[in-house]
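Notes for the structure review
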Amino acid sequence: MKVRYLSAVLALGLFAGPSQAARFTVTIQNLTQGIYFTPLLVAAHDSATHLFQPGTAASASLQAMAEGGDLSGLSTDLATAGAVTETNPAGGLLAPGGAATTATLDTGSSANGYLSITGMMLPTNDGFVGLDAWPIPTTPGTYTVDLNAWDAGTEANNELINSANGGAPGTPGIPAAPGGDAGSNGTGVTTTETNGTVHIHRGVLGDTNPAGGVSDLDSRVHRWLNPVARVTVVVQ
Amino acid sequence: MKVKRDQRRWWIPAGLLAGSVLLAGCNHGSDSTPATMKRMFKVEVTNLTANQPLSPIAAVLHRSGYHAWQEGNAATVGLERLAESGDGADLLSEAQSDSAFLSKEAGSGVIPPGQSGSIQMEAAASDPRLSLVTMLVNTNDAFAGLDAVDLSSLAPGEQLTVSAIAHDAGTEPNSETAATVPGPAGGGEGFNADRSGDVDFIAVHRGVVTRDDGLANSALDQSHRFDNPVARVVITRLQ
């Protein structure tokens, strides 16, 4: 949880019990200059549910999201858990600098007092923007949380575009560079993933050779520093 | 060809900027200060980077409604000038014309890596916010700062500590060439009104590549890289 980045200074101390009802909207802003987010998954769920957990191996559902932007597995998992969800508030990719807001989510009388968000970062192998089980305040107000880039730990970050199969779980490669600014014919940055658990993404290497080099990514365009997204939650 | 408006003088009194990441470090106590009484603040900025001098702080006290920048939006000319040259005068002028403006202050000098600089500010208002901006001068258009930090609950003697992250103004391509980096690593051009070739919106900075990491024409070396946060700001209410 990113309490360290909580910028709603006035919110300190106002977190109430996570099982209390809340009606709220969630706005996600892409803070990067050159990274796209695939359709986002926004979910209010109970205390036992996690879409991902740092230091824990990714589920198959998370892997599918992180490698190919596929939300079907995570959506099924959340439905089973009785979560309140909204998929794809941006109506497609969320471009650099862009923002998207959900409809009003209502946790009613349920125990869905925790907010999680995921979306794949393009172009990356298995990078994603994520929020893990953030306690939703019940006191009306505006709350801000900054999100980091995570690595699902499920695919070697070879940084090679593979538009045919790169989005399939277990198949190396980046499915797309929506900005149309990636190269080709790179030799590959690495063939191994040293950390098989979800961890903070180390960023991409890239290079300045669009027709070769080790990476199909551009070191001048596709790098980032955290945070990569800002979440603003307005509790009614 | 670019219109060369301005200067290599990134060190002129200007603003400082920072990231908008807020780190609350105080207890908001009760405060019964009358709205008409002046509140005085000391603002101390510590440069946390390895080799990115920070241009003189440009700081504004204001009410709710003013923003020196907003991610995803285009930079004002004042912010562009600060982020490209370190000169915060235009940014402060823009702030002064905002209806939410209370007061402004410019730092007295560059804040070198590992060092701190401070200013004092005051305003007769019960709901002051602090925004400040500074340039990472060994870059094309990187800045850090605070965006409307609410000081209304800060009681006399209390402190608030906030971390600042690096942003990219989006107004100048990050070529990293000596001709375009105004700080000591380049000695190149500062402000240039031309925004072509860049995204023209404000984002979190992606960091510098440097010649040590394969950008052949970069004037920067590995020492100029940075990560967030890049500055720490301690705000103390003096009275």
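Cut-offs used in this document
- Residues numbered from 1 in each chain as written.
- Chains lettered and ligands numbered in written order.
- Predicted model: local features only at pLDDT ≥ 70, side-chain atom pairs only at ≥ 80, totals over all residues.
- Heavy atoms only, no water.
- Helix = DSSP H or I, 4+ residues; strand = E, 2+ residues; numbered from the N terminus.
- Buried < 20%, exposed > 50% of the residue type's maximum accessible area, 1.4 Å probe, protein only.
- Lys, Arg positive; Asp, Glu negative; His and termini not counted.
- Salt bridge = Lys/Arg side-chain N within 4 Å of Asp/Glu carboxyl O.
- Polar contact = N/O pair within 3.5 Å; in protein donor to acceptor, adjacent residues only side chain to side chain.
- Contact = heavy atoms within 4.5 Å.
- 1 Å grid on protein atoms, 1.4 Å probe; cavity = no way out; pocket = protein on both sides within 12 Å on 5 of 7 lines; lining within 4 Å.
- Points joined across faces, edges and corners; volume = space filled by probe spheres on them.
- Pairing = 2+ DSSP bridges.
- Axes fitted to C-alpha atoms, helices over the stretch in contact; angles between N-to-C directions.
- Phe/Tyr/Trp six-rings, centres within 6.5 Å; stacked < 30°, edge-to-face > 60°.
- Lys NZ or Arg CZ within 6 Å of the ring centre and 35° of its normal.
- pLDDT = per-residue confidence, 0-100.
- Left-handed = near helix turned anticlockwise from the far one by under 90°.
- Nonpolar A, V, L, I, M, F, W, Y, C, P; charged D, E, K, R; others polar.
- Parallel < 35°, antiparallel > 145°, perpendicular 65-115°, else oblique.

1. Things to note about the side chain of Asp198 of chain B
Position of Asp198 of chain B among the secondary structure elements: in the loop between β9 (166-168) and β10 (203-204). Lacking a salt bridge, the buried Asp198 of chain B has Arg206 of chain B as its closest oppositely charged neighbour, with an N-O distance of 6.2 Å. Here Thr171 of chain B takes part through its backbone nitrogen, which lies 3.3 Å from a polar atom of the side chain of Asp198 of chain B. Beyond its immediate sequence surroundings of up to four residues, Asp198 of chain B is in contact with Gln33 of chain A together with Asp141, Asp168, Gly170, Thr171, Glu172 and Pro173 of chain B.

2. Quick look at empty space enclosed by the protein
Rolled over the atoms, a probe with the dimensions of a water molecule shows which regions are left empty. All names here are of chain B. Taken as a whole and assessed by the stated rule, the structure comprises one cavity of 30 Å³ or more. The volume enclosed by the largest cavity comes to roughly 40 Å³. Residue lining of the largest cavity: Thr139, Asn140, Asn174, Glu176, His205, Gly207, Val208 and Leu220, and that is the complete set.

3. Observations regarding the sheet that holds strand β5 (residues 116-123) of chain B
In any sheet, the strands associate via hydrogen bonds between backbone groups, in a parallel or an antiparallel arrangement. Residues and elements named next belong to chain B. Across the sheet, four strands lie side by side as β5-β2-β11-β8; this open sheet has antiparallel pairing. The open sheet has two free edges, formed respectively by β5 and β8 (159-164), since each of these has just one partner strand. Going from strand to strand, the sheet's axes swing by 20° on average, the running direction of each strand aside. Sheet analysis places β8 next to strand β11 (residues 231-237), joined by six bridges and oriented antiparallel. By the bridge assignment, Gln159 is partnered in β11 with Thr236.

4. Describing unusual backbone geometry
With the exception of glycine, most residues fall at negative phi, and the peptide bonds are largely trans. Omega for the bond connecting Leu122 of chain A with Pro123 of chain A falls within 30 degrees of zero, at 0°, which places this linkage in the cis form. Inspection of the secondary structure assignment puts Pro123 of chain A in the loop between β7 (114-122) and β8 (127-135). In this chain, Asn226 of chain A is followed by Pro227 of chain A through a cis amide linkage whose omega measures -5°. Examined against the element boundaries, Pro227 of chain A turns out to sit in the loop between β10 (199-200) and β11 (229-235). Here Ala148 of chain B, not a glycine, exhibits a phi torsion of approximately 55°, which is positive. Taking the relative accessible area as the measure of exposure, Ala148 of chain B reaches 21% and is therefore partly exposed.

5. Some words on the packing of aromatic side chains
Within the structure shown, the criterion is met by three aromatic pairs over all chains. For the pair Phe52 of chain A and Trp150 of chain A, a centre-to-centre distance of 5.5 Å together with 55° between the ring planes defines the contact as tilted. You can see Phe52 of chain A sitting in the loop between β3 (41-45) and α1 (60-68) and its partner Trp150 of chain A sitting in strand β9 (residues 141-151), a full 98 residues away along the chain. Overall, the relative accessible area of 3% leaves Phe52 of chain A in the buried class. Taken together, a centroid distance of 5.3 Å and an interplanar angle of 75° make the contact between Trp69 of chain B and Phe143 of chain B edge-to-face. Of the two residues, Trp69 of chain B sits in the loop between β3 (58-62) and α1 (77-85) while Phe143 of chain B sits in strand β7 (residues 142-150), which places them 74 residues apart along the sequence. An identical accessibility class is assigned to Trp69 of chain B and Phe143 of chain B; each is buried. What links up through ring pairs into an aromatic cluster is the set Phe52, Phe128 and Trp150 of chain A. For Arg81 of chain B, the ring lying beneath its charged end belongs to Phe191 of chain B, and the centroid distance is 4.2 Å.

6. Focus: the confidence of the model for chain A
Caution applies to low-pLDDT parts of the model: their predicted coordinates are not meant to be read in detail. With 92% of its residues at a pLDDT of 70 or more, chain A shows a mean pLDDT of 92. Taken together, the stretch residues 1-18 of chain A has pLDDT below 50 and engages in 44 contacts with residues farther than four places along the chain or on a different chain.

7. Here we look at the packing of α1 of chain A against helix α2 (residues 72-80) of chain A
Residues and elements named next belong to chain A. At a minimum axis separation of 7 Å, α1 and α2 run at an interaxial angle of 140°. Crossing angle aside, the handedness with which α1 passes α2 is left-handed. Counting all contacts with α1, which are made through Ser61, Leu62 and Met65, the residues of α2 involved are Gly73, Leu74 and Asp77. Residue classes in the contact of α1 with α2 are distributed as three nonpolar, two polar and one charged.

8. Things to note about the packing of α1 of chain B against helix α2 (residues 89-96) of chain B
All names here are of chain B. One can describe the packing of α1 onto α2 by two numbers: an axis separation of 7 Å at closest approach and a directional angle of 155°. What the angle tells us is that α1 and α2 run roughly antiparallel. The chirality of how α1 crosses α2 is left-handed. Residues Val77, Gly78, Leu79, Arg81 and Leu82 of α1 pack against Asp90, Leu91 and Glu94 of α2.

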